Structure formats: structure tokens, C-alpha cells
Amino acid sequence: MAASIRTVVFLAMVLAVGFLMIILSCVLWQNWLPLLVALTFVIAPLPNALFSHCGADEFAGTYEGASGPIDLGRFITAMIVTSGFALPIVLAHAQVIHKAACIMSIFGGGLVYGTILAYSAAFSQEESEFD
């Protein structure tokens, strides 16, 4: 089922709030290092998108489980997401950024990545055998 226009508008608003939180975490304390969080969360879904087409043949008669490239894509995505959450914590611990900027950038990064996941789930092109 296709996503409605309300879904698109809601996801766009949540994405805007996420980027706003990240940008405010930079502007309010005059330190632009938390902006790297936005970059990591935007790049995070790319390995899944690239490696998802490297799976086994969909017309094969047997199920052989997940393939290596798909698992590698998921692993790289997990590493990027973990580093996206850990980077502001490490910067705040080293007193490079303010602790409030750390919290705002983590919250904004979570919103950005969650929006990307929700968008890809809402607009997935899975076709049923009975459609």
C-alpha cells in the first residue's frame, strides 16, 4: 500500500526538526563539530541500500539464509549508526562540545535516522505473489 501525503508531510516535519536540533546544537555554543552527526546519519543507510541487491537469486528453489554481502551491509550500517551516537558523547567527554549540545545532537541524529528508516519502510516496493 502506498503511503499517503500525510505520511510524507509528517516525515518531512520530523526530518526538519531533527536537522534543526543538530544545527541548533552547533549554533548555540559556536562549535560546528556536532554537525558531523548529521553527516553520519545521512550516510548510515547507504551500505544497506548498496548491499541489498547483492543477495541470493530470488528464483532459487531453496532458502539458504542471508548472504554475506547483505550481512556486511548491515554490519557497516550498524557501525556508522553506533559511531553517530558515540561521536557526540566522546566529544562532550573530552570537553570539546558542551553537554547540552551533545544531547541535542544525539536527539536530532536519532530523529534524522528514524525518519530515513520510516521513509524507506513506508515506500518499500515489496510485491506480493497475490497482487
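All figures in this text were calculated on a predicted structure; none of them were measured in a lab. (Residues numbered from 1 in each chain as written. Predicted model: local features only at pLDDT ≥ 70, side-chain atom pairs only at ≥ 80, totals over all residues. Heavy atoms only, no water.)

1. A closer look at helix 4 (residues 68–93)
Between its terminal C-alpha atoms helix 4 stretches 36 Å, which fits the 38 Å expected from 26 residues at 1.5 Å a residue. The sharpest bend along helix 4 reaches about 30 degrees and sits at Ala 86, with the proline Pro 88 one to four residues further on. Listed in full, the buried residues belonging to helix 4 are Gly 73, Thr 77, Ile 80, Val 81, Gly 84, Pro 88, Leu 91 and Ala 92. Among the structural elements, helix 2 (35–43), helix 3 (46–51) and helix 5 (99–122) are those in contact with the buried residues of helix 4. Once helix 4 ends, the next one or two residues include Gln 95, with phi positive near 60 degrees. (Helix = DSSP H or I, 4+ residues; strand = E, 2+ residues; numbered from the N terminus. Expected span 1.5 Å × (residues − 1). Bend = angle between axes of the 7 residues up to and from the residue. Buried < 20%, exposed > 50% of the residue type's maximum accessible area, 1.4 Å probe, protein only. Contact = heavy atoms within 4.5 Å.)

2. Some details on the UniProt feature "transmembrane region" (unreviewed entry) in the protein chain
Those places that UniProt annotates as "transmembrane region" (unreviewed entry) correspond, in this numbering, to residues 7–30, 75–94 and 101–122. Within the segment residues 7–30, helix and strand shares are 88% and 0% respectively, and the terminal C-alpha atoms sit 35 Å apart. The span residues 75–94 carries 95% helix and 0% strand; its end-to-end C-alpha distance comes to 27 Å. (UniProt positions renumbered as here; feature names shortened; annotations may be inferred.)

3. Quick word on the packing of helix 1 (residues 5–27) against helix 2
For the pair helix 1 and helix 2, interaxial distance at closest approach is 8 Å and the crossing angle is 150 degrees. It follows that helix 1 is roughly antiparallel to helix 2 by the angle criterion. Two secondary-structure elements touch here, helix 1 through Phe 19, Ile 22, Ile 23 and Cys 26 and helix 2 through Leu 35, Ala 38 and Val 42. Looking at the contact of helix 1 with helix 2 residue by residue, the classes come out as seven nonpolar, no polar and no charged. (Axes fitted to C-alpha atoms, helices over the stretch in contact; angles between N-to-C directions. Parallel < 35°, antiparallel > 145°, perpendicular 65-115°, else oblique. Nonpolar A, V, L, I, M, F, W, Y, C, P; charged D, E, K, R; others polar.)

4. Focus on the pattern of salt bridges
Summed over all chains, the structure comprises one salt bridge. In this structure, Asp 71 and Arg 74 form a salt bridge, with 3.9 Å as the shortest nitrogen-oxygen distance. Residue Asp 71 and its partner Arg 74 are located together in helix 4, separated by three residues, close to a single helical turn. (Salt bridge = Lys/Arg side-chain N within 4 Å of Asp/Glu carboxyl O.)

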